[in-house]
Structure formats: C-alpha cells, structure tokens
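Residues per chain are reported as follows:
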Amino acid sequence: MSTRTPLMAGNWKMNLNHLEAIAHVQKLAFALTDKDYDAVEVAVLPPYIDLRSVQTLVDGDKLKIKYGAQDLSAHDSGAYTGEISGSMLAKLKCTFVAIGHSERRQYHGEDEELVNAKIKAAYKNGLTPILCVGEGLDVRKAGQQVPHTLAQLDGALRDIPAEQAETIVVAYEPVWAIGTGEVATPEDAQEVCGAIRGRLAELYSQELAEKVRIQYGGSVKSGNVAAIMAQPDVDGALIGGAALDAEEFVKIVRFRD
Ligand code: PEP
C-alpha cells in the first residue's frame, strides 16, 4: 500500500475573473474539512493575477489549501516582458508550479530544454514542479505513448539531482484527453504512470520512485476519478474544466466517498 498522499490540483487556466477567483477559494475553504485534508493534499493553480489574493485568504484564514502558478520564467529577472520569475512566486508563498503543460508546449513552443530550465528555476526558488508530460493523438494511435512520455521525462529531469527529483510531481496528461471529455481508461492511465515510475527508478532509485507522486490529467470528473485513483501508480489528478466548479472539485477531492 502506497504511503503517498494523493494530490488533487485544480488548473484554472485563463478562467475566472478576480472576484470569481476569490469566491471560488472561499467556497472550497468552506466546504473542505480536516478529514479531507488528512486524506488528500488540495491545490489550486489560479492565473498569476489572483495569487496575491489567494495568499491573503490562505494566510488570513489559515487554510490548508495549497496554491501555485501555471507556469514560470526560466530566468531569474531582467528584460523578459510579460514573464514571472520563480522568486516572485516564492514571495507569494506558492508551493507548486506547473511546468510543461501541453498548452504551453503547443501554443508557446516549449521544448524539453526550456522545460528543463524551468524545472531548475522552480527548484532554485523552493517551488515544487508539477511536470506535465503526455502524448498527442497521433502518438497514441501509433502505440508510442510510453516511449514518447518517457523521453519527455528524461529531458525534463536532465541534471536534476535526486534530492530535488524526489519532491517532483509528474502529471501524465494525454493531450487527446485534455478538455475534450475523452478520458483515458484507468488501464491507459496506469500503463503510462507505471512506466513513469519505472523510469524514475532507473534514473534515480526504486526508493525515490516510490516517493514521487504521479497524477493523471485529462477530463477528470467526479464520475470517473475513483476508477482512475484505484490504479496503483496514480497518486492524484490535475484537473482543468471540472476544477472551475467548486462543488465538483470538492467531489473529486472526496473520490473515496
Ligand atoms: C489540464 O488542463 O491540465 C486538464 C487536465 O484539463 P481538463 O481536466 O479540462 O481535461
């Protein structure tokens, strides 16, 4: 039986206005109880502009909700218009930062080198990366989902020492399942999540691989989360659309009920 605490993280993407974002965290805070937090780590990844308000809510009410950003710059500071550095996120007491989300890879041309640099920037600033990996439909149709995803993992972890890698969260998100309503079967999720853990054991050690949390992401909802979470190598979910509805997100957090 795994000792890994499941991590349910809501990726809000570019959604909710500022007041809606605050109201959303308040709803989660009201609904979630110590029993929930004992069983599951809960995190939200709002747009950058909401992070200060989320921090105020979390600090002011001593909430156990964690939060983080959807991306960060690979650079420390300087002439990088529009970018946000890891130290800025650390000052806002972010715990997590998503790196290499498929929408960043697809629309912003992020490659393995940049993803690797962003992981280094996250660790340099005490942030925990949620590294997103996963194949597109063409790769899945060709049956190459495991080698494709492991190649992304290898590239992302280049020169990352074990003492950092042991805290990483890896989110396996098949691109064809993101925001499409097309969820991977529990067996599909387990195949790749199990392969990711196996590769972590090869790259580092079995002990380290057993510590790392591997999430599944892609059209997770309250109706499908329990079957996915029943897989031995799935330790949580990265949730997009369904995380925008507080009631639905709470149901996902309570996947065991
Ligand atoms: C995501 O964006 O990480 C995601 C999994 O989205 P959705 O749950 O909407 O498929």
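Residues numbered from 1 in each chain as written. Predicted model: local features only at pLDDT ≥ 70, side-chain atom pairs only at ≥ 80, totals over all residues.

- In the annotation of an unreviewed UniProt entry, the entry for the protein reads Triosephosphate isomerase, and the organism field reads Streptomyces fildesensis.
- On record in UniProt, under Catalytic activity (unreviewed entry), the comment for the protein is "D-glyceraldehyde 3-phosphate = dihydroxyacetone phosphate".
- If you open the UniProt record of the protein and go to Sequence similarities (unreviewed entry), you find "Belongs to the triosephosphate isomerase family." (UniProt positions renumbered as here; feature names shortened; annotations may be inferred.)

1. With respect to the UniProt feature "active site" (unreviewed entry) in the protein
Line of reasoning, step 1. Using the residue numbers shown here, the UniProt feature "active site" (unreviewed entry) corresponds to His-101 and Glu-173. The annotated residues occupy 73 residues of the chain but converge on a single region, no pair of C-alpha atoms lying more than 8.4 Å apart.
Line of reasoning, step 2. The topology assignment puts His-101 in the loop between strand S4 (96–99) and helix H5 (102–108).
Line of reasoning, step 3. Using a count of 28 C-beta atoms within 10 Å as the deciding quantity, one classes His-101 as buried.
Line of reasoning, step 4. Aside from chain neighbours lying at most four places away, what touches His-101 is Gln-70 and Cys-132.
Line of reasoning, step 5. Judged by local crowding, Glu-173 falls into the buried class, with 29 C-beta atoms found within 10 Å. (Helix = DSSP H or I, 4+ residues; strand = E, 2+ residues; numbered from the N terminus. Buried ≥ 20, exposed ≤ 12 C-beta atoms within 10 Å, placed from the backbone. Contact = placed C-beta atoms within 7 Å.)

2. What about the site of the ligand?
Line of reasoning, step 1. The ligand sits among 13 residues. The nearest are Ile-178, Gly-179, Gly-217, Gly-240 and Gly-241.
Line of reasoning, step 2. Of the residues in the shell around the ligand, the class split is five nonpolar, seven polar and one charged. (Near = placed C-beta within 6 Å. Nonpolar A, V, L, I, M, F, W, Y, C, P; charged D, E, K, R; others polar.)

3. Quick notes on the environment of Asp-76
Line of reasoning, step 1. Along the chain, Asp-76 turns up in the loop between strand S3 (66–69) and helix H4 (86–91).
Line of reasoning, step 2. What makes Asp-76 exposed here is the crowd of 12 C-beta atoms within 10 Å.
Line of reasoning, step 3. Separated by 38 residues in the primary sequence, Asp-76 and Asp-38 place their C-alpha atoms 35 Å from one another.
Line of reasoning, step 4. Those residues in contact with Asp-76, other than ones at most four positions away along the chain, are Ser-85 and Ser-87.

4. Description of the nonpolar core
Nonpolar side chains tend toward joint burial in soluble globular proteins.
Line of reasoning, step 1. In terms of nonpolar packing, the biggest core is built from 71 residues, with Val-97, Ile-130, Leu-131, Val-170 and Tyr-172 touching the most fellow members.
Line of reasoning, step 2. Residues contacting Leu-131, with those up to four places away along its chain left out, are Ile-99, Gly-100, Ile-119, Ala-156, Ile-168, Val-170 and Ala-171. (Core = buried A, V, L, I, M, F, W, Y, C linked by C-beta atoms within 7 Å.)

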